[in-house]
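The chain contents come next:
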Amino acid sequence: MNKQTQDYLGALMLPVRLVASWLFLSAVWRRFVLAPGKHDFQSEAWLGHKINDFLPHANAGFYQALEYMMRNPEWLNAFTYLFTFTELVLGILFLLGRFSRATGLLLVSLSIGLMHTACWLGPTCLDEWQIASLLVTFGAVMTLYGSGSFSADNWLMKQYSSLR
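Everything numeric here is computed off the predicted structure, so don't read it as measured data.

Trainee: Please clarify how helix α1 (residues 3–34) should be interpreted in this entry.
Mentor: Owing to its 3.6 residues per turn, the α-helix aligns residues three or four sequence positions apart on the same side. The end-to-end C-alpha distance of α1 is 43 Å, a good match for the 46 Å that 32 residues give at a rise of 1.5 Å each. At Met-13, α1 shows its maximal kink, close to 25°; a proline, Pro-15, follows between one and four residues later. Turning to α1, its buried residues are Leu-9, Gly-10, Met-13, Val-16, Arg-17, Ala-20, Ser-21, Phe-24, Ser-26, Ala-27, Val-28 and Arg-31.

What follows is the structure, encoded as C-alpha cells:
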C-alpha cells in the first residue's frame, strides 16, 4: 500500500476508532460514575435486570448461558463486571489504535454475541441490536484494514521496522 493510500485510510479509520472508543468508554463512565447502581447487586438499576429482559429473546446456547446466570446471580454479577472491564480495555485500545486488527475481531465477536442475546425486541428494543450492528461493522472494518496511519500501531511499526 502506498503512502497516500495509507494516509487516506488513516484519515477514514480515525473517526471509526474514536466513535467505537467513545461508545465503550462512555458505557464504563455511566456504570461506574454516573450510575454506580448498575453494578450494585441490590440496586434497581443493576445490569442483571436488563439482562433478564434479554432472556426470552436469546438464541440457542446464549439462552442457556443467560438462564444459568439468572439462576446464579453471583455469576451474572461477575459477568457484568467482566463485560464492563472488557469495554474499558477495548475503549482504550481503540482510542490509541493499538492491536487494531485483534481488537476489531474481538469487537465483532462481542457484538455478534450481544445480537444473539438481545436479539430483536421489536417495539421494546433497548438499542442493543442497533448498536451491536454498528459495532460489527466497525470491528470488521478495523479487522480488515487496521487502524491506519494515525495510530499507535502505525507509529510503533515505523519506530521498530522488525514488527512488520
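Trainee: Teacher, can you tell me more about the environment of Arg-101 here?
Mentor: With respect to the helices and strands, Arg-101 occurs in helix α5 (residues 100–118). We classify Arg-101 as partly exposed; its relative accessible area is 45%. When sequence neighbours within four positions are dropped, the list of residues in contact with Arg-101 reads Met-142, Thr-143, Leu-144, Tyr-145 and Gly-146. A polar contact is formed between the side chain of Arg-101 and the backbone oxygen of Leu-144, at a distance of 2.7 Å.

Trainee: Explain the packing of aromatic side chains to me, please; I cannot follow it from the model alone.
Mentor: Two aromatic rings, taken as a pair, are described by how far apart their centres are and by the angle between their planes. Taken as a whole and assessed by the stated rule, the structure comprises 3 aromatic pairs. Here Phe-32 and Tyr-81 contribute two aromatic rings whose centre-to-centre distance is 6.3 Å and whose plane-to-plane angle is 35°, an arrangement assigned as tilted. Of this pair, Phe-32 sits in helix α1 while Tyr-81 is found in helix α4 (residues 73–96), placing the two residues 49 residues apart along the sequence. With a relative accessible area of 42%, Phe-32 lands in the partly exposed category.

Parameters at a glance
Residues numbered from 1 in each chain as written. Predicted model: local features only at pLDDT ≥ 70, side-chain atom pairs only at ≥ 80, totals over all residues. Heavy atoms only, no water. Helix = DSSP H or I, 4+ residues; strand = E, 2+ residues; numbered from the N terminus. Expected span 1.5 Å × (residues − 1). Bend = angle between axes of the 7 residues up to and from the residue. Buried < 20%, exposed > 50% of the residue type's maximum accessible area, 1.4 Å probe, protein only. Contact = heavy atoms within 4.5 Å. Polar contact = N/O pair within 3.5 Å; in protein donor to acceptor, adjacent residues only side chain to side chain. Phe/Tyr/Trp six-rings, centres within 6.5 Å; stacked < 30°, edge-to-face > 60°.

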